[in-house]
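Structural description and commentary
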Amino acid sequence: MHETRSVEETLALAGGLGATLLAGDVVWLHGDLGAGKTHFVKGLARGLGIEEDAVRSPTFTFVDLHRGRAGGLALTHVDLYRIGAASELRELGLQDLPGPQAVAAVEWAERLPPGVLEATHVVRIEDLGGDGRRISVERR
Ligand code: ADP
Ligand code: MG
């Protein structure tokens, strides 16, 4: 269990995890709106050597692919916050992700269909008020 007191501390914590990820790893992120899931994914990008500013809340796309540096892993960022019908989920082709030489980070992972993008790591973020966040990282 970790507590961060700023965005930067969350980025650093997530960066540490990102640096350890291997091809095929899938990080699930749970937490209320505004908890800091997207910022955690920015930190994962940092740890993977990917430009963290490119990671945003994919508002209209549900899946963003961030290419890795040469020889590095790509980051597939999935955000299911606005997902509607099951048919919409099927059209995303999630069963083919994260893809070769890539890892995936999934916001609102509780909305995934069963058996798709199974977690290797589960991150839970809780807003403690102000800039405080309680963050747990569980290895599956
Ligand atoms: P989510 O993806 O869970 O909806 P975001 O990452 O988009 O959340 O937003 C988190 C918000 O909380 C941002 O406005 C960010 O600046 C703010 N914030 C404040 N303190 C922290 C912290 N310690 N860690 C992460 N985000 C924080
Ligand atoms: Mg988000």
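Below is a short write-up of the structure. Quick caveat: nothing in here was measured; it's all calculated off a predicted structure. (Residues numbered from 1 in each chain as written. Chains lettered and ligands numbered in written order. Predicted model: local features only at pLDDT ≥ 70, side-chain atom pairs only at ≥ 80, totals over all residues. Heavy atoms only, no water.)

**Remarks on the side chain of His30**
Structurally, His30 is set in strand E2 (residues 26-30). Taking relative accessible area as the criterion, His30 reaches 15% and is therefore assigned buried. For His30, the contacting residues outside a window of four places in its chain are Lys37, Ala109, Glu110, Val122, Val123, Arg124 and Ile125. (Helix = DSSP H or I, 4+ residues; strand = E, 2+ residues; numbered from the N terminus. Buried < 20%, exposed > 50% of the residue type's maximum accessible area, 1.4 Å probe, protein only. Contact = heavy atoms within 4.5 Å.)

**Description of the site of ligand 1**
In the vicinity of ligand 1 lie 15 residues, with Thr10, Gly34, Lys37, His39 and Asp131 positioned nearest. One of the side-chain nitrogen or oxygen atoms of Thr10 is found 2.7 Å away from a nitrogen atom of ligand 1. Contact between ligand 1 and Gly36: an oxygen atom at 2.9 Å from a main-chain N or O atom of the residue. Against a free-state accessible area of 580 Å², the protein chains account for coverage of 79% of ligand 1. Top element by residues in the shell around ligand 1 is helix H2 (residues 37-48). It accounts for three residues. (Near = heavy atom within 4 Å. Polar contact = N/O pair within 3.5 Å; in protein donor to acceptor, adjacent residues only side chain to side chain. Areas by Shrake-Rupley, 256 points an atom, 1.4 Å probe, with all protein chains shown as cover.)

**Observations regarding helix H1 (residues 7-18)**
Look at H1: 16 Å from first C-alpha to last across twelve residues, which is about the 16 Å you get at 1.5 Å a residue. Those residues of H1 lying buried are Thr10, Leu11, Leu13, Ala14, Gly15, Leu17 and Gly18. Looking at the buried side of H1, the elements it contacts are strand E1 (2-4), H2, strand E6 (121-129) and strand E7 (132-139). (Expected span 1.5 Å × (residues − 1).)

**Observations regarding the coordination of the magnesium ion (ligand 2)**
For the magnesium ion (ligand 2), the full set of protein donor atoms is Thr38 (OG1) and Glu107 (OE), at a range of 2.1 to 2.2 Å. Highlighted residues: Thr38 in helix H2 and Glu107 in strand E5 (residues 102-107), separated in sequence by 69 residues. We note that Thr38, like Glu107, is buried. (Donors = N, O, S within 2.8 Å, 3.2 Å for Na, K, Ca; no water.)

**Some remarks on the packing of aromatic side chains**
One pass over the structure, following the stated rule, counts one aromatic pair. Here Tyr81 and Trp108 contribute two aromatic rings whose centre-to-centre distance is 5.1 Å and whose plane-to-plane angle is 35 degrees, an arrangement assigned as tilted. With a gap of 27 residues between them, Tyr81 in the loop between strand E4 (74-79) and helix H3 (86-91) and Trp108 in the loop between E5 and E6 connect regions that are remote in the sequence. Relative accessible area serves as the criterion here: at 31%, Tyr81 is assigned to the partly exposed category. (Phe/Tyr/Trp six-rings, centres within 6.5 Å; stacked < 30°, edge-to-face > 60°.)

**Observations concerning the pairing of E2**
In terms of burial, E2 is largely enclosed, as five of its five residues are buried. A two-sided burial pattern is seen for E2, the buried positions comprising Val26, Trp28 and His30 on one face and Val27 and Leu29 on the other. Judged from the four bridges that link them, E2 and E5 form a sheet pairing that is parallel. Residue pairing across strands places Trp28 opposite Val106, the latter belonging to E5. Both E2 and E6 contribute to a ladder of four bridges, which runs parallel. Within E6, the residue paired with Trp28 across the bridge is Val122. (Pairing = 2+ DSSP bridges.)

**Some remarks on the pattern of salt bridges**
Enumeration over the complete set of coordinates arrives at eight salt bridges. Of the charged contacts, one joins Arg46 and Glu8 as a salt bridge, the two residues approaching to 3.0 Å between their closest N and O atoms. Linking Arg46 in helix H2 with Glu8 in helix H1, this pair joins segments that are 38 residues apart in sequence. Accessibility expressed as a relative area gives 43% for Glu8, which makes it partly exposed. (Salt bridge = Lys/Arg side-chain N within 4 Å of Asp/Glu carboxyl O.)

Purely geometric numbers; function is a separate question.
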